[in-house]
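Take a look at the letters that make up each chain.
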Amino acid sequence: MGDCIFCKIAAGEIPATVVYENDHVIAFEDLNPQAPVHVLVVPKAHHENILDGVSAEELAEVVAAIGEVAKAKGLSERGFRVIANTGADAGQTVGHVHFHVLGGTSLGEGLLP
Ligand code: AMP
Ligand code: ZN
């Protein structure tokens, strides 16, 4: 946890372009965007991924924050996609639970490219 990059962003120790923040969650621009809008919504408490003790309250905060991100980035009308890569097969590269919010273009109907 000491080395966790998203814990450091949540603590303000590493810079990020913050889109929304409250006591429980922080949302910031992905460094390597995969769509015109690509924001990460991150509970501030450290959990490896969604299997690692994320509480119902934290998930509710995440969903509310996704709504704030959608509003701030103008996604509410056209829609967007939310992805939470979990573990090796999903290609999770950062071991702090996070939700990708992708949008700003038509992403198509399939789940995978
Ligand atoms: P995942 O592959 O689901 O674990 O996604 C990790 C995401 O974190 C990737 O999309 C990275 O581009 C992004 N990322 C890694 N480091 C940073 C950082 N310092 N600031 C913003 N996004 C980051
Ligand atoms: Zn962390």
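Student: Before we move on, can you summarise the site of ligand 1 with the specific residues and values?
Tutor: The environment of ligand 1 is formed by 16 residues, the closest being D30, N85, T93, H98 and H100. In the environment of ligand 1, an oxygen atom lies 2.7 Å from a nitrogen or oxygen atom belonging to the backbone of T93. Measuring from an oxygen atom of ligand 1, one finds a side-chain N or O atom of H100 at 2.8 Å. Bound to the protein, ligand 1 loses 84% of the 510 Å² it would expose on its own.

Student: Please give an account of the coordination of the zinc ion (ligand 2) that cites residues and values.
Tutor: Around the zinc ion (ligand 2), the protein supplies C4 (SG), C7 (SG), H46 (ND1) and H96 (ND1) as donor atoms, at distances of 2.0 to 2.3 Å. Sequence spacing of the donor residues for the zinc ion (ligand 2), all on one chain, is C-x2-C-x38-H-x49-H. One end of the pair, C4, is in the segment before helix 1 (5–10); the other, H96, is in the loop between strand 4 (80–83) and strand 5 (99–103), and 92 residues separate them in sequence. A residue is classified by how much of its surface remains accessible, and C4, at 9% relative accessible area, is buried.

Student: Quick one: what's the story with the sheet that holds strand 2 (residues 25–29), residue by residue and with numbers?
Tutor: Paired through their backbone hydrogen bonds, the strands of a sheet run either parallel or antiparallel. Spatial ordering of the open sheet is given by 1-2-3-5-4, a layout of five strands whose pairing is antiparallel. Looking at which strands have only one partner, the edges of the open sheet turn out to be strand 1 (18–21) and strand 4. Adjacent strand axes in the sheet meet at a mean angle of 20° when their direction is disregarded. Where strand 3 (residues 37–43) and strand 5 come together, five bridges link them in antiparallel fashion.

Conventions adopted
Residues numbered from 1 in each chain as written. Chains lettered and ligands numbered in written order. Predicted model: local features only at pLDDT ≥ 70, side-chain atom pairs only at ≥ 80, totals over all residues. Heavy atoms only, no water. Near = heavy atom within 4 Å. Polar contact = N/O pair within 3.5 Å; in protein donor to acceptor, adjacent residues only side chain to side chain. Areas by Shrake-Rupley, 256 points an atom, 1.4 Å probe, with all protein chains shown as cover. Donors = N, O, S within 2.8 Å, 3.2 Å for Na, K, Ca; no water. Helix = DSSP H or I, 4+ residues; strand = E, 2+ residues; numbered from the N terminus. Buried < 20%, exposed > 50% of the residue type's maximum accessible area, 1.4 Å probe, protein only. Pairing = 2+ DSSP bridges. Axes fitted to C-alpha atoms, helices over the stretch in contact; angles between N-to-C directions.

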